[in-house]
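# Structural features, examined
Here is what each chain is made of, one letter per residue.
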Amino acid sequence: MIYLDNASTSWPKPDSVVEAVTDYIRNIGANPARGNCTAALEALGVVLDCREAVASFFGCGNPLNVVFTHNVTWAINTALHGMLQSGDRVISSTMEHNAVIRPLTNLAEKGVDVVYSPCDSQGYLDLEAFEKNISGAKLAVLNHGSNVTGTVQDVRAVSDICRASGTVFLLDAAQSAGIIPVNFSHGPDIIAFTGHKGLLGVPGTGGLVFADDFDTNQIRSLAQGGTGSVSEEMKHPDFMPDRFEAGTMNGPGLAGLLSGIEYLNSLGLEEIYKKKMKVAGRLAEGIEEINGSIVYRPSPGKLWNAVVSFTLKGSDTASIADYLSREHDICCRHGFHCASSAHRTIGTFPGGTVRLSPGIFTTAEDIEIALRAVRMYSE
Amino acid sequence: MSNHIYMIYKSMTHVLAAERAARKGGVSCRMVPIPRNLSTDCGMCISVKEEESSVFLSVVEEKGLVPEKVEEHKDAVPAGRCYSN
Ligand SMILES: Cc1ncc(COP(=O)(O)O)c(C=O)c1O
């Protein structure tokens, strides 16, 4: 198989990640923060190691400001439902994933005023319009790196606008984390991440990270339950990170996420970006050479999330993806990529695109095979 | 034998984070089960020798890890454990 769907979930995982997950299951096993036995403390140590790794990865000074959830969808829901109430205003963009759009739609039904600020046909947020639309917004939520086009938003500029209007800025770093720098020094108040994409962990991990000066009391908890702390109280704890973590943690998953981040740190983000640009760049250029093709991506030279979304004139994207899988065992994704609004924005609604997303282990040879396959389809 | 001070936290995550911070800061301490008479919580707390307790407190305070309660403990301290790395 040639796996070109790393924007959905990265594969393969580094051996060290597989080993960390299995080692936890085989040799640690116990429930973090439940009980004082050696294994439970060791398990809690892994979770704390992972908090420290995540905090430092995003430039957060306090590991207790890292909250783990099942994935970024759950993290974003926690922030949106926890902060917004009827009468509040929230601003977002037309390039969002359903992980943002659906909770916002649900909140709109409950009386929250939701504004989607426009983006251009390459997916860039129109900063002037954003600045006008933000007035009165309690929260801004923005997709950092597009899962459809790979367009990367200017976080610093958006942060400045948010700060000036007193709006909390939540950044969806699902696609960008592990590929391009995502850091509190660029100004967001909250970073939502998922563990199983660029961070190279396994599914079932993700979370929220809060800036050091952010008051987490502004956000109500989404779920309440056992935390292993203050057990005598009926009320769910209000302190971090327990405030947002009810129920048994995904210990094996967090062991894997820790190992994934260590792997990224050992390679260095710059190296990873260069490597991804090489394969994704070649793939995009190769497809652009095919008659009737359009690749939807930022202009060359701009920051890019390394996803290659394309259409072929007169071809159904489902049929292209089916051909690539059936005839060439190439794994990719077609359609809307859970982001139909983004496709409306870039002009690929309702057909969608075929998306090929190389990963950290994609080789030049994989790319040539994929290009040959797309060429054969088009002929 | 010197007295020990028990540093009691809200959660085990805080205990472990404080223990790590203290050890990094060169303060020796041990994690011990919280005696039920000090707290009904089922976790552990940090035991520090009385003469090191003020250094401990200043080191952990820097990390925002101020204990919920600070209790003197005169009895023999149970064998503690360290899990920091
Ligand atoms: C921009 C963006 N946000 C959110 C998500 C949702 O990720 P998860 O399924 O891990 O919650 C994705 C993944 O497809 C994404 O690309």
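The shown structure was predicted, so the numbers you read here are calculated from the model rather than taken from an experiment.

## Some thoughts on empty space enclosed by the protein
Residue and element names in this part refer to chain A. Counted by the stated rule, this structure contains three cavities of 30 Å³ or more. Asn6, Ile179, Gly198, Lys276 and Pro358 are, among the 19 residues lining the largest cavity, the residues nearest its centre. Considering only residue class, the lining of the largest cavity consists of nine nonpolar, eight polar and two charged. Counting only domains with at least three residues in the lining of the largest cavity, you end up with domain 1 (2–10 + 268–378) and domain 2 (15–266). Looking at the second largest cavity, its volume works out to about 110 Å³. Lining the second largest cavity are 14 residues, and of these Ala33, Arg34, Thr227, Glu245 and Met249 sit closest to its centre. Residue composition of the lining of the second largest cavity, by class: six nonpolar, four polar and four charged.

## Brief notes about the interface of chain B and chain A
Put simply, an interface is often sized by how much accessible area is lost when its parts join up. With 19 residues of chain B in contact, the opposing surface of chain A contributes 21 residues. Across the interface of chain B and chain A, roughly 1,700 Å² is buried in total on both sides, 59% from carbon and sulfur atoms. Where chain B touches chain A, the interface holds two salt bridges. Two residues, glutamate 52 of chain A and arginine 20 of chain B, come together in a salt bridge whose shortest N-O distance is 3.1 Å. At the junction of chain B and chain A, the tally comes to five residue pairs in polar contact (both at pLDDT 80 or more).

## Quick notes on helix 4 (residues 98–109) of chain A
Side chains three or four residues apart in an α-helix point the same way, a direct result of the helix having 3.6 residues per turn. All names here are of chain A. The end-to-end C-alpha separation of helix 4 is 16 Å, in line with the 16 Å expected for twelve residues at 1.5 Å each. Buried residues of helix 4: Asn98, Ala99, Val100, Ile101, Pro103, Leu104 and Leu107, and no others. Structurally, helix 4 contributes buried residues whose contacts are with helix 3 (72–83), strand 3 (89–93), strand 4 (113–117), strand 5 (139–143), strand 6 (168–172) and helix 10 (340–346). Residue glycine 111 follows helix 4 closely and has a positive phi angle near 100°.

## Comments concerning the pattern of salt bridges
Pairing of side chains with opposite charge becomes possible as their charged atoms draw close. Counting across every chain of the model gives 13 salt bridges over all chains. A salt bridge links lysine 274 of chain A to glutamate 271 of chain A, with the nearest nitrogen and oxygen atoms 3.5 Å apart. Taken together, the residues lysine 274 of chain A and glutamate 271 of chain A, both in helix 8 (residues 269–288) and three residues apart, mark about one turn of the helix. Judged by relative accessible area, lysine 274 of chain A falls into the exposed class, the value being 51%. Its salt-bridge partner being arginine 297 of chain A, residue glutamate 288 of chain A comes within 3.0 Å of it at the nearest N-O pair. Among the residues examined, arginine 297 of chain A registers a relative accessible area of 13% and is labelled buried. It is possible to trace a salt-bridge network through shared partners that takes in Asp49 and Glu52 of chain A together with Arg20 of chain B.

## As for the sheet that holds strand 3 of chain A
All names here are of chain A. One open sheet holds the seven strands; their spatial order is 2-8-7-6-5-3-4, and the pairing between them is mixed. In this open sheet, the two strands that pair with only one neighbour each are strand 2 (66–69) and strand 4. Pairwise comparison of adjacent strand axes, ignoring direction, gives a mean angle of 20° for this sheet. Running over the sheet, helix 2 (residues 38–57) touches strand 2, strand 7 (190–194) and strand 8 (206–210) and is turned about 115° from strand 2.

## Let's talk about the environment of serine 165 of chain A
All names here are of chain A. Mapped onto the fold, serine 165 is located in helix 6 (residues 155–165). Linking serine 165 and isoleucine 134, residues 31 residues apart in sequence, is a C-alpha distance of 7.2 Å. A polar contact of 2.5 Å, which involves the side chain of serine 165, links it to the side chain of threonine 167.

The rules behind the values
- Residues numbered from 1 in each chain as written.
- Chains lettered and ligands numbered in written order.
- Predicted model: local features only at pLDDT ≥ 70, side-chain atom pairs only at ≥ 80, totals over all residues.
- Heavy atoms only, no water.
- 1 Å grid on protein atoms, 1.4 Å probe; cavity = no way out; pocket = protein on both sides within 12 Å on 5 of 7 lines; lining within 4 Å.
- Points joined across faces, edges and corners; volume = space filled by probe spheres on them.
- Nonpolar A, V, L, I, M, F, W, Y, C, P; charged D, E, K, R; others polar.
- Domains from an automatic or database assignment.
- Contact = heavy atoms within 4.5 Å.
- Buried area = accessible area lost by both parts, 1.4 Å probe.
- Salt bridge = Lys/Arg side-chain N within 4 Å of Asp/Glu carboxyl O.
- Polar contact = N/O pair within 3.5 Å; in protein donor to acceptor, adjacent residues only side chain to side chain.
- Helix = DSSP H or I, 4+ residues; strand = E, 2+ residues; numbered from the N terminus.
- Expected span 1.5 Å × (residues − 1).
- Buried < 20%, exposed > 50% of the residue type's maximum accessible area, 1.4 Å probe, protein only.
- Pairing = 2+ DSSP bridges.
- Axes fitted to C-alpha atoms, helices over the stretch in contact; angles between N-to-C directions.

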